[in-house]
Amino acid sequence: MARPKLIAICQSGGEFHIDNAGSLSYRGGDAHAIDIDDDLTLNDFKMEIAEMFNCGINAICLKYFLPGNNKTLITISNDKDLKRMIKFHGDSITTDIYVIVEDAVLPDVSNLPGSRSSRTTLSEAVAPIDAPLGVVEDSVDNTVHSSLPIAGPIDIVVNTNHVDLHIEDAQLNLASEISPILPLVDSSDEKNAQGAQQWQNTITGVGQRFSGVHEFRESLRRYAIAHQFAFRYKKNDSHRVTVKCKAEGCPWRIHASRLSTTQLICIKKMNSTHTCEGSVVTTGHQATRSWVASIIKEKLKVFPNYKPKDIVNDIKHEYGIQLNYFQAWRGKEIAKEQLQGSYKDAYNQLPHFCEKIIETNPGSFATFTTKQDSTFQRLFIMFHASLYGFTQGCRPLLFLDGIPLKSKYQGTLLAATAPDGDNGAFPVAFAVVDAETDDNWHWFLIQVKTALSTSCPLTFVADRQKGLKESISEIFKGSYHAYCLRHLSEQLIRELKGQFSHEVKPLIVENFYAAAYAPSPEIFHRCVESIKGISLEAYNWIVQSEPQNWANSIFQGARYNHMTSNFGELFYDWASEAHELPITHMVDVIRGKIMKLIYSRRTDSNQWMTRLVPSMEEKLEKETLKVPSLHVLLSAGSTFEVRGESLEVVDVDRWDCSCKGWQLTGLPCCHAIAVIGCIGRSPYEFCSRYFTSESYRLTYSQSVHSVPIVERQVQNDSSDVVVNVSPPPTRRPPGRPTSKKYGAQDVKRQLQCSRCKGLGHNKSTCKGPL
């Protein structure tokens, strides 16, 4: 029979107290419960604790007491220690684990003074770099300098105010020194610390009252910053605080305690005289990362891209405090989480968020899936405005793109975009998935199919990946998959790397594009033969690359001459602005972008006076200017010959011209316009309906409505099933994310001299013989 899981109650942020009998009690802080068993490794255990308390995995130390013998404090330092701890508690349901940040690790349990009143603590200590994000108490607020994490959903919260533990002949030796924030040593900088001057009178003297110890500590910290000195705590608990100047021999001292029967804290004693040299000799100020967060939070609302180096400069200028880069960065992270909410909580809000999308935007689709362990897998969104706009006004053409996200939990944004009548990118649907896999693409296309519920054949322009090709043919039967020309050319160069010189590469790409755009099979084969003359390997690759999926002359679907899937740049730009936000906020930013896009284009189109959208009106006009040079040979039927630089055959009834311009673009070519004029008809009658201003207005006729992002409400009905969603296991790797422009760039064509036919120069710079 398998041993039942042990519940580890992980406690952090509290403080240890020792009574006269030598027993140790742990008071304050927070506790979270984690199930553990023999299969759990110490690294996994630490990762889960670090995730729960939002701290760095390398910054924590784990300790526990033996069951029935609270006289020995044990450190868990490897997997064997963890397994021993589980074995020791085999008959217990729970065990207490004390999570201590490394800077506050108790290095020696044999030298603690017996009197609590003689214990010294530091308030000027800088919290560790790996301290937790979110709503975090300053390190000065607790006798033990471990941060108080309050982040993420709490499954089990245990009251740790009175946990009595015993230690025999052992006492805790608290760290007496932690690296402080560097002071300002330049007296000229003191003149610039204008922001701190407002705090010079936050402490006025004996008799001053505060609503509680937290307000007193905060006021004391600001007072110390304004007067440029550091202090240390002699006593620090919930009802009394005694503080002295850190400088040796300086008489400055203050004592405050609670007024009886109230929560008010009153200053009882204060010696305001300093004999030290203040900031010149002191080694720190009373500034913590949470204090930095409180200072920059309002500015961060206005300037989301507020850089840590600018925070360092502004704090130094305004308050006279020299931060290092990581203190500023951590302060910014805390402020961001206070403003935006927790990444972890955002995943747990997804069920409620999807409900709100459907509620505020009726007819929309919003759904998500999780894995068996309740971790997030994928989220699909299609707003009704996008669904209506695509089916009513857009060509049956969808571009599919995968966009990597640089968020805390990485992931990929899958996007389906359509060209509107004016060839602008129209957002149709998008999904956030844990990774770009064939399975996630398959799921995404199923959601698109369910939402569209149409039997009309669609043309998909996307990369030539095997899973996507099979999913399109399986889910959208009778539809077409057009390969993205840019991805194909990149793959060609990549797979044949080293087969030809750098000078030949542009020529191959140029002929490849010419073959793809060729309007007839004859021209296509001519271009392919040109490639064969340059490189047999490239020729064989192109022949085997399924030209029926990318060459205009033999493609069976209608792609309206759109050869690349670059419409995903719209979503890429939006995701780049919001990738650092929690998932619900990121989706809401994209929703806001769609809402703004629809509204602005609808407003602009209402001013149009033309029958076609502006870009198509311009193209039609250019084709019309070519008509006078053409000669039409009349016919009794619907077929006509048009003579000009070439002889073309036009079938008016079938909207067909042998030049293929009419079929490929949806607009009458110059040959068709010449024939249409001869039969007394208007060219507008033979333009695709998708290019009319009326269809464009239909595309943007519906609106996207705001979706409130609120905490998920507690389920009152016990019959309701509460779905918990955890973040995916993938985390952003350390270091700054690389900045890479969306989509690789096409290979540029090299200059070719028209005189000597050489590469790399033109006629004006040619040095060859005349």
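For the structure, check the block above.
Okay, so let's go over this structure. (Residues numbered from 1 in each chain as written. Predicted model: local features only at pLDDT ≥ 70, side-chain atom pairs only at ≥ 80, totals over all residues. Heavy atoms only, no water.)

**What about the overall build of the protein chain?**
Broken down by element type, the protein chain carries 23 helices and 27 strands. Across the 770 residues in the protein chain, those meeting the buried criterion constitute 50%. Put simply, of all contacts in the protein chain between residues at least 6 apart along the chain, 67% involve residues at least 24 apart. Accessible area of the protein chain: about 36600 Å², with a carbon and sulfur share of 50%. (Helix = DSSP H or I, 4+ residues; strand = E, 2+ residues; numbered from the N terminus. Buried < 20%, exposed > 50% of the residue type's maximum accessible area, 1.4 Å probe, protein only. Contact = heavy atoms within 4.5 Å. Areas by Shrake-Rupley, 256 points an atom, 1.4 Å probe, with all protein chains shown as cover.)

**A few points about the sheet that holds strand S26 (residues 647–651)**
The 4 strands are arranged S24-S25-S26-S27 in an open sheet whose pairing can be described as antiparallel. With partners counted over all chains shown, the strands left at the sheet margins are strand S24 (631–633) and strand S27 (656–657), one partner each. (Pairing = 2+ DSSP bridges.)

**Quick word on the pairing of strand S19 (residues 397–404)**
Here S19 lies mainly inside the structure; 6 of its 8 residues are buried. Where S19 meets strand S22 (residues 459–462), 3 bridges bridge the pair, whose relative direction is parallel. Bridged to Leu 397 within S22 is Thr 459. The pairing of S19 with strand S20 (residues 412–419) spans 6 bridges and is antiparallel. If you follow Leu 400 over to S20, its bridge partner there is Ala 416.

**What to know about helix H13 (residues 466–475)**
Because each turn of an α-helix spans 3.6 residues, side chains separated by three or four positions end up pointing in the same direction. Within H13, burial applies to Gly 467, Leu 468, Ser 471, Ile 472 and Ile 475. The arc that holds the buried residues of H13, viewed along the axis, is 130°, so those residues lie on one side. On the buried face of H13, the contacting elements are S19, helix H12 (438–452), S22 and strand S23 (480–483). (Arc of directions from axis to C-beta.)

**So, the packing of aromatic side chains**
All chains considered together, the criterion is met by 26 aromatic pairs. Seen in terms of ring centroids, Tyr 560 and Phe 691 are 6.4 Å apart; in terms of plane orientation they differ by 85°. Their pairing is edge-to-face. Pair noted here: Tyr 560 is in the loop between helix H17 (536–543) and helix H18 (569–578) and Phe 691 is in the loop between helix H22 (670–678) and helix H23 (693–699), with a separation of 131 residues, a long-range link. Taking the relative accessible area as the measure of exposure, Tyr 560 reaches 17% and is therefore buried. Three or more aromatic residues joined by ring pairs make a cluster, and in this case those are Phe 380, Trp 441, Trp 443 and Phe 444. The positively charged end of Arg 395 is found above the aromatic ring belonging to Tyr 560, 5.2 Å away from the centroid. A cation over a ring is seen here: Lys 532 above Tyr 539, with NZ or CZ 4.9 Å from the ring centre. (Phe/Tyr/Trp six-rings, centres within 6.5 Å; stacked < 30°, edge-to-face > 60°. Lys NZ or Arg CZ within 6 Å of the ring centre and 35° of its normal.)

**Concerning the pattern of salt bridges**
Throughout the structure, instances matching the rule amount to 18 salt bridges. Salt-bridge contacts for Arg 601 lead to Asp 420; the nearest nitrogen and oxygen are separated by 3.3 Å. Of the two residues, Arg 601 sits in helix H19 (residues 583–605) while Asp 420 sits in the loop between S20 and strand S21 (425–433), which places them 181 residues apart along the sequence. By relative accessible area, Arg 601 is classed as buried at 18%. With a closest N to O distance of 2.8 Å, Glu 577 and Lys 593 form a salt bridge. Here Glu 577, found in helix H18, pairs with Lys 593, found in helix H19; they are 16 residues apart in sequence, far enough to count as distant. On the accessibility criterion, Glu 577 (54% relative accessible area) is exposed. The exposure class of Lys 593 is partly exposed, given its relative accessible area of 25%. The network of salt bridges with shared partners includes Glu 218, Arg 221 and Arg 222. (Salt bridge = Lys/Arg side-chain N within 4 Å of Asp/Glu carboxyl O.)

**Examining a negative patch on the surface**
Residues Asp 35, Asp 44, Glu 48 and Asp 79 make up a contiguous surface patch of negative charge. Looking at where Asp 35 falls in the secondary structure, it is placed in strand S4 (residues 30–36). (Patch = residues over 30% accessible without salt bridge, like charges linked within 9 Å, V, L, I, M, F, W, Y side chains within 5 Å. Lys, Arg positive; Asp, Glu negative; His and termini not counted. Charge placed at Lys NZ, Arg CZ, Asp CG, Glu CD.)

**A closer look at the environment of Arg 378**
Tracing the backbone through its elements, the reader meets Arg 378 in strand S18 (residues 376–382). Each C-alpha atom of the pair Arg 378 and Phe 368 lies 5.5 Å from the other, and the pair is 10 residues apart in sequence. Once residues within four sequence positions are removed from consideration, Arg 378 is found in contact with Thr 367, Phe 368, Thr 369, Val 432, Val 433, Asp 439, Asn 440 and Trp 443. At 3.1 Å, the side chain of Arg 378 forms a polar contact with the side chain of Asp 439. A polar side-chain atom of Arg 378 sits 2.8 Å from a polar atom in the side chain of Asn 440. (Polar contact = N/O pair within 3.5 Å; in protein donor to acceptor, adjacent residues only side chain to side chain.)

**Digging into the nonpolar core**
Residues Leu 398, Leu 400 and Phe 444 are the most contacted members of the largest nonpolar core, which totals 87 residues. A per-element tally of this core places S21 first, with 8 residues. Formed by 25 residues, the second largest nonpolar core is a distinct cluster that contains Leu 492, Ile 493, Leu 496 and Ile 508. (Core = buried A, V, L, I, M, F, W, Y, C linked by side-chain atoms within 4.5 Å.)

**Here's the deal with the environment of Thr 262**
Looking at the secondary structure, you find Thr 262 in the loop between strand S15 (253–258) and strand S16 (265–271). A relative accessible area of 27% places Thr 262 in the partly exposed class. For the pair Thr 262 and Gly 212, spaced 50 residues apart in sequence, the C-alpha to C-alpha distance is 9.5 Å. At 2.9 Å, the side chain of Thr 262 and the backbone oxygen of Leu 259 are in polar contact. Within the structure, the side chain of Thr 262 is placed 3.3 Å from the backbone nitrogen of Leu 264, a separation counted as a polar contact.

**Looking at the packing of helix H6 (residues 289–302) against helix H8 (residues 325–340)**
Orientation of H6 relative to H8, taken along the N-to-C sense of each, is 60°, at an axis distance of 7 Å. Relative to H8, the element H6 lies oblique. Note that H6 runs across H8; the crossing there is right-handed. Taking contact as the criterion, the partners of Arg 289, Ser 290, Val 292, Ala 293, Ile 296, Lys 297, Leu 300 and Lys 301 in H6 are, on H8, Gln 327, Arg 330, Gly 331, Lys 332, Ile 334, Ala 335, Lys 336, Gln 338 and Leu 339. Split into classes, the residues belonging to the contact of H6 with H8 amount to 7 nonpolar, 4 polar and 6 charged. (Axes fitted to C-alpha atoms, helices over the stretch in contact; angles between N-to-C directions. Parallel < 35°, antiparallel > 145°, perpendicular 65-115°, else oblique. Left-handed = near helix turned anticlockwise from the far one by under 90°. Nonpolar A, V, L, I, M, F, W, Y, C, P; charged D, E, K, R; others polar.)

**Some remarks on the sheet that holds strand S17 (residues 365–370)**
Taken in spatial order, the 7 strands of this open sheet run S17-S18-S21-S20-S19-S22-S23, and their pairing is mixed. The open sheet has two edge strands with one neighbour each: S17 and S23. Taking the axes of each pair of neighbouring strands and ignoring which way they run, one obtains an average angle of 20° across the sheet. Relative to S18, S17 runs antiparallel, the two being bridged by 6 bridges. Pairing of Thr 370 across the sheet is with Phe 376, part of S18. Helix H10 (residues 350–360) contacts S17 and S18 of the sheet and is inclined by roughly 165° relative to S17.

**Quick look at the pairing of strand S14 (residues 240–245)**
Here strand S13 (residues 231–236) pairs with S14 via 5 bridges, running antiparallel. Across the sheet, residue Lys 235 finds its bridge partner in S14, namely Thr 242. The antiparallel hairpin formed by S13 and S14 contains 3 residues in its connecting segment. Direction of pairing for S14 relative to S15: antiparallel, over a ladder of 5 bridges. Looking at the pairing, Arg 240 lines up with Ser 257 of S15.

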